[in-house]
Amino acid sequence: MNFIQRIFGKKEQTAAIELKEQTPSQSPIVIERNSWLYHQMLAKIDSLVHPSVVDNNFLKMFETIPEVFWPIDFIAKRISEAHFDLKRVKDDSIVWCNRINADRILKQPNPVMTWREIVYQHFVNKLCTGNAFFRAAMADTIGPDAPKFQWCSNFWELPASYVKVIPQTYSYGVPVFGIAELDELIQGYELKFKEYEGLLIPTHQIWHDRDGIPECLEGSHFLKAKSRLLSVKKPIANLLAVYEARNVLYLKRGALGFIVAQNQDATGTTPLEPKEREALQKEVNSRYGVGEGQLPIGITDVPITFVKTSSSISEMMPFEETLEDAIKIASIFGIPAVLVPRKDQSTFSNQDTAEKSVYTSTIIPAAKRFCEAITSFLGLEQKGLYLDCDFSDVACLQIGLKEAEEVKKLVNERCLSQFNSGLISINDWRAQIHEDALDGEIFSKVKFEMTPEEIAKVDSVIKSQASPIQINTGSNANENNKPNNNNKPSTGEEDERNNEKPSVRNEGD
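Just so it is clear, the structure is predicted and the values come from calculations on it, not from any experiment.

Calculation notes
- Residues numbered from 1 in each chain as written.
- Predicted model: local features only at pLDDT ≥ 70, side-chain atom pairs only at ≥ 80, totals over all residues.
- Heavy atoms only, no water.
- Axes fitted to C-alpha atoms, helices over the stretch in contact; angles between N-to-C directions.
- Helix = DSSP H or I, 4+ residues; strand = E, 2+ residues; numbered from the N terminus.
- Left-handed = near helix turned anticlockwise from the far one by under 90°.
- Contact = heavy atoms within 4.5 Å.
- Nonpolar A, V, L, I, M, F, W, Y, C, P; charged D, E, K, R; others polar.
- Pairing = 2+ DSSP bridges.
- Phe/Tyr/Trp six-rings, centres within 6.5 Å; stacked < 30°, edge-to-face > 60°.

Topic: the packing of helix α5 (residues 66–80) against helix α7 (residues 115–129)
Next up, step 1: Remark: α5 packs on α7, axes separated minimally by 8 Å, with the N-to-C direction vectors making an angle of 145°. Two packed elements cross with a definite hand, and for α5 against α7 that hand is right-handed. Along its contact with α5, which presents Phe 69, Ile 72, Asp 73, Ile 75, Ala 76, Lys 77, Ile 79 and Ser 80, the element α7 presents Arg 116, Val 119, Tyr 120, Phe 123, Val 124, Leu 127 and Cys 128.
Next up, step 2: Grouping the constituent residues of the contact of α5 with α7 by class yields eleven nonpolar, one polar and three charged.

Right, here's the structure in full:
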């Protein structure tokens, strides 16, 4: 390497460049090209000294390497399986049927894909490449201020590795660090497909979702983020090497070893004669082995020894290296080591706790940010709507919900006791359970400050809220054969009860 540096050292190269600059006939383009060739040659030499078999096509790795596929699929699949609902901003109620087709994207975003497939593809692109491009395909006559959920019926997730951000061209460059609007920075988005060659997608039709810091300098990755997988490029290279070594052992094992003769004479060790070697080989292959009629232990009168030349998989210990690399790859996505698939799997208790932590720290926040961003992109807030996601039916989160409800019940019981003792007001009570304060003077008074009429009103409300609990316990639930009004029966159930009443009266008579 020192010899190469002496040949291509910076000092000599700088001197050569300066000498060429002094020559009037030398073009600056030639000087720049010579410098570029110099750095290219050093890069090639460095690749020989520090080899790596990993390229930047992380989507291909996601498709072919299980240790890369698993953590990305773990997150993307769970986000896509959430319950996405369209809600009203004023009261957070779910919109079941919308006259302006605001929920059309949830039903059928495009002719060939479902909403879950779109969300899954979005997060696979984002976690693999660091970028995801969500397009609302509309006519060019529709402006950027129009609500996209009303004017668009085709929503697509573009292949991130083929999308290029085209910057605006000015004489002074791109004003990325100055005062500028998005249209003053980006000319549009270009798909590097032969079928889409020359097509420039307008900026208002694309939502660029980045997983990291954008590259602000002009180039092929302009305003794109780098993939997280770049930080584990060497563990991925180790994985490829381990898989290759294991594949060679399985497919090209070669000879297990050699039988070496131990015959000796006055001059030393003597080799076997060709006839002796042939007879010994025939005897070993025909009489000894694990097949039917063969002996597991061989006996021979020829002094020999066995020299092992092959390595077993257990001796190379590739599984420990594979697990270590898989844990490193999973860690950059916020997945703990106990969830990584392995031979000695963790207990279910540990897995539930670890999976719950991934939901609360990674999956749910990512899904909430997705809903907020796509709400703004579609223009739902213009109509008082927003997109929300729900994970309440996830098994590992049920324990947390149960604990939260028990805590809330204990807080309510304590607040009721404090309110009856005159220590807190109703609004103080609501503040402790994280509810908004109510308007009205009565709600800010403690019990000793209330009039008898106000106390009776508050007590009647508290008792009416507690009565369903007493009915459900079974005490006096069906007194005088009256149905429970709190649980209104369906039409069929009410008809059945009406049909039964005459027979009851006849028996009483």
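Focus on the sheet that holds strand β4 (residues 163–167)
Next up, step 1: Strand order in the open sheet made by the three strands is β4-β5-β6, with antiparallel pairing throughout. Lying at the two open borders of the sheet, with one neighbouring strand each, are β4 and β6 (200–201).
Next up, step 2: In this structure, β4 lies alongside strand β5 (residues 186–191), joined through five bridges in antiparallel fashion. By the bridge assignment for β5, Val 165 is matched with Tyr 189.

Focus on the packing of aromatic side chains
Next up, step 1: Inspection of the entire model under this criterion finds 13 aromatic pairs.
Next up, step 2: With 5.2 Å between their ring centres and 45° between their planes, Trp 70 and Phe 74 make a pair best called tilted. Residue Trp 70 and its partner Phe 74 are both found in helix α5; the two are separated by four residues, about one turn of the helix.
Next up, step 3: Plain terms: the ring middles of Phe 84 and Trp 115 are 5.7 Å apart, the flat faces sit at 85° to each other, and that makes the pair edge-to-face. Linking Phe 84 in strand β1 (residues 83–88) with Trp 115 in helix α7, this pair joins segments that are 31 residues apart in sequence.

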